[in-house]
Amino acid sequence: MKLRLSAIALTLAASAALPALAQDKVLNIYSARHYQTDEVMYDTFTKTTGIKINRVDADDAGIVARLRAEGAASPADVVLLVDAARMAAADAQGLFQPIKSAKLDAAIPANLRAAPTADGVTWTGFSTRARVIVYDPIRVKAADVATYEQLADPKLKGMLCTRSGSHPYNLSLFSTVVERLGDQKGEAWLKGLVDNMARAPKGGDTDQIKAVASGECGVALTNTYYMARLVKSNKPEDRAVVERVRVVFPNQGTTGTHVNIAGAAVARHAKNRDAAVQFMEYLASPFAQQYFADGNNEFAAAKGVKVDNSALKAMGGENFKAENVPLAAVAKNMTKVQQMLDRVGFK
């Protein structure tokens, strides 16, 4: 059974639409993922285990709002969210519970999970996306945008475009850079980004790519799956954008490219905890990893699993070096980094 609700409709009253959920062989998922390829993954889990999946789809904010409103009465067993910043924020509100799983420990790198406690781990990443640099090869040399640090170089003054600095995608990247550089150098880097802006931050990642293609900007930041969608598109206007820009996976000679996650957690008040843990372990299997990652043109998180995605290959993302800064440590920096963004005027 699949329930599709808008974020506006995610209220306590909506819970009446769900069947009796505290029963054997049932798993209730609140998901911020809406990809058709995930259906095969869910169906295979049910066929293999006999556990029926009931699903509520909404955006991340709607899911978190619903979990908070429902409290202990929530029927949710598993929560699927996008971005470590959102996972960490929900975790900080006490919406997840820790679990212990030798299978997850073996399959998923420690830097893609919440920091372990004596009671276990609260959230786990199951796919990754890289935050890359897109540039105009007519105006910018690849060597001048080989690292995130170079984005603050005065030679790029008036060329940089980004979405809001407070958006989780940027906030995660910026928190990672601050973790590496330290507070003083990290804030100076953020100020350098502001000084190099071609315009005030606006729009999403796809808008930044198109702004580079149009000549409005010389360089921009984007998650890989936004570029991959354009690469796979058959629309002439999208093909023209792809042909006009180039992609760099930053910091390949040093710390590696920043990666973020789409992840999952067992809900704080899960009524079907054993089934929830079983589903989490299933997500780390090679079969599920293929569908979970490729559904949004992402990379697998599990060790040794490769996703065969033509668009990601075309971008040069088949064997890039990824950073290994723990996302749990990055999450701790986010409030501090937001304050830095306010001080340097990064909207």
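This structure is a prediction, so every number in the text was calculated from the model and none was measured. In this convention, every chain numbers its residues from 1, walking through the sequence in written order. Note on the predicted model: pLDDT of at least 70 is required for a residue's local features to be given, and 80 or more for side-chain atom pairs to be given and counted; whole-chain, interface and lining totals, by contrast, use all residues. Values shown for side chains rest on all heavy atoms present in the structure; no hydrogens or waters enter the calculation.

## Quick notes on the nonpolar core
In summary, soluble globular proteins display a tendency toward joint burial of nonpolar side chains.
Okay, so step 1: With 85 residues, the main nonpolar core has L27, L81, F96, W123, F126 and F279 as its most contacted residues.
Okay, so step 2: Throughout, a residue-residue contact means that at least one pair of heavy atoms, one from each residue, lies within 4.5 Å. In contact with L81, other than residues within four places in its own chain, are A32, D60, I63, V64, R86, M87, A90, F96, A262 and G263.
Okay, so step 3: In terms of nonpolar packing, the next biggest core, distinct from the first, is built from 31 residues, V145, A152, L171 and L190 among them. Residues grouped as a nonpolar core are buried Ala, Val, Leu, Ile, Met, Phe, Trp, Tyr and Cys residues, joined through side-chain atoms within 4.5 Å. For the exposure calls, accessible area comes from a 1.4 Å probe over protein chains only, and a residue counts as buried if that area is under 20% of its type's maximum, exposed if over 50%, partly exposed in between.

## Describing the state of the cysteines
Okay, so step 1: Here, two cysteine sulfur atoms that lie within 2.5 Å of each other are counted as a disulfide. All told, the structure shown has one disulfide when counted by the stated rule.
Okay, so step 2: Residue pairing for C161: its cysteine sulfur links by disulfide to C217, the two sulfurs lying 1.8 Å apart. Taking the sign of the torsion about the S-S bond as the criterion, the disulfide between C161 and C217, at about -75°, is left-handed. Here C161 is found in strand β7 (residues 160-161), whereas its partner C217 is found in the loop between α7 (205-214) and β8 (219-223), with 56 residues between them in sequence. Only DSSP runs of H or I covering at least 4 residues are called helices, and only runs of E covering at least 2 are called strands; the numbering of each starts at the N terminus.

## Quick look at the side chain of H167
Okay, so step 1: Along the chain, H167 turns up in the loop between β7 and α5 (168-181).
Okay, so step 2: Within the structure, the side chain of H167 is placed 3.3 Å from the side chain of R163, a separation counted as a polar contact. What qualifies as a polar contact is a pair of N or O atoms within 3.5 Å, subject to a donor-acceptor requirement within protein and to the restriction that residues adjacent in sequence count only when both atoms come from side chains.

## Let's talk about the pairing of β8
Regular strands show a simple pattern: their side chains alternate between the two faces of the sheet.
Okay, so step 1: With five of five residues buried, β8 lies mostly within the body of the structure.
Okay, so step 2: Burial along β8 is two-sided: the residues V219, L221 and N223 and A220 and T222 are all buried.
Okay, so step 3: Pairing of strand β6 (residues 124-135) with β8 involves five bridges; the strand directions are antiparallel. Within the sheet, the bridge partner assigned to I133 lies in β8 and is L221.
Okay, so step 4: In this sheet, β8 lies alongside β7 in parallel orientation, the contact comprising two bridges. Counterpart to L160 in the pairing with β8 is V219. Only strands joined by at least two bridges in the DSSP assignment are considered to pair.

## Some words on the pattern of salt bridges
Okay, so step 1: Salt bridges are identified by distance alone: a Lys or Arg side-chain nitrogen within 4 Å of an Asp or Glu carboxyl oxygen. If you walk through the whole model with that rule in mind, you get 19 salt bridges.
Okay, so step 2: In this structure, the salt-bridge partner of R343 is E187, at a minimum N-O distance of 2.8 Å. Separated by 156 residues along the polypeptide, R343 in helix α14 (residues 334-344) and E187 in helix α6 (residues 183-195) bring together distant segments of the chain.
Okay, so step 3: Look at the salt bridges and you will find they share partners, linking R33, D38, R129 and E298 into a network.

## Description of the packing of α5 against α14
Okay, so step 1: Lines are fitted to the C-alpha atoms to define the axes, a helix being fitted only along its stretch in contact, and any angle between axes, read from their N-to-C directions, falls within 0 to 180 degrees. Where α5 contacts α14, the two axes come as close as 9 Å, and the packing angle between them is 100°. In terms of axis orientation, α5 runs roughly perpendicular to α14. Contacts between α5 and α14 involve L171, S172, F174, S175 and V178 from the former and M334, K336, V337, Q338, M340 and L341 from the latter.
Okay, so step 2: Each residue gets one of three labels, nonpolar for Ala, Val, Leu, Ile, Met, Phe, Trp, Tyr, Cys and Pro, charged for Asp, Glu, Lys and Arg, and polar for the others, Gly among them. Looking at the contact of α5 with α14 residue by residue, the classes come out as seven nonpolar, three polar and one charged. The scheme is simple: roughly parallel for angles under 35 degrees, roughly antiparallel for over 145, roughly perpendicular for 65 to 115, oblique for anything else.

## A look at the packing of aromatic side chains
Okay, so step 1: Stacked, edge-to-face and tilted are the three classes for Phe, Tyr and Trp ring pairs, Trp counted by its six-membered ring, which pair at centre distances within 6.5 Å; planes under 30 degrees apart are stacked, over 60 edge-to-face, the rest tilted. A full pass over the atoms with the stated rule returns 13 aromatic pairs.
Okay, so step 2: Both rings, one in F45 and one in F279, keep their centres 5.1 Å apart while their planes meet at 85°; by these two values the pair is edge-to-face. Taken as a pair, F45 in helix α1 (residues 38-49) and F279 in helix α10 (residues 273-283) lie far apart in primary sequence, 234 residues in all.
Okay, so step 3: Here F45 falls in the buried class, since its relative accessible area comes to 1%.
Okay, so step 4: A residue is classified by how much of its surface remains accessible, and F279, at 0% relative accessible area, is buried.

## Examining the pairing of strand β10 (residues 259-267)
Okay, so step 1: With nine of nine residues buried, β10 is to be regarded as a mostly interior element.
Okay, so step 2: Bridge analysis of strand β4 (residues 78-82) against β10 gives five bridges, and the strand direction is antiparallel. Its bridge partner being in β10, L80 is matched across the sheet by A264.
Okay, so step 3: In this sheet, β10 lies alongside strand β5 (residues 96-97) in antiparallel orientation, the contact comprising two bridges. Its bridge partner being in β10, Q97 is matched across the sheet by V266.
Okay, so step 4: Note: β6 against β10, six bridges, orientation antiparallel. Paired with G125 across the bridge in β10 is G263.

## A closer look at the confidence of the model for the protein chain
Okay, so step 1: Within the protein chain, residue pLDDT values average 92, and 93% of them lie at 70 or more.
Okay, so step 2: Scored below 50 in pLDDT, residues 1-23 shows 49 contacts in the model against residues more than four places distant or in partner chains. The quantity known as pLDDT measures the predictor's confidence residue by residue, on a range of 0 to 100.

## Some points on the packing of α6 against α14
Okay, so step 1: The geometry of α6 relative to α14 is characterised by a closest axis approach of 9 Å and an angle of 45° between their N-to-C directions. One element, α6, and the other, α14, form an angle in the oblique class. Note that α6 runs across α14; the crossing there is right-handed. Here D183, E187, L190, K191 and V194 of α6 come into contact with α14, specifically with K336, V337, M340, L341, R343 and V344.
Okay, so step 2: Of the residues assigned to the contact of α6 with α14, the class counts are six nonpolar, no polar and five charged. What makes a crossing left-handed is the near helix being turned counterclockwise from the far one by less than a right angle; a clockwise turn instead makes it right-handed.

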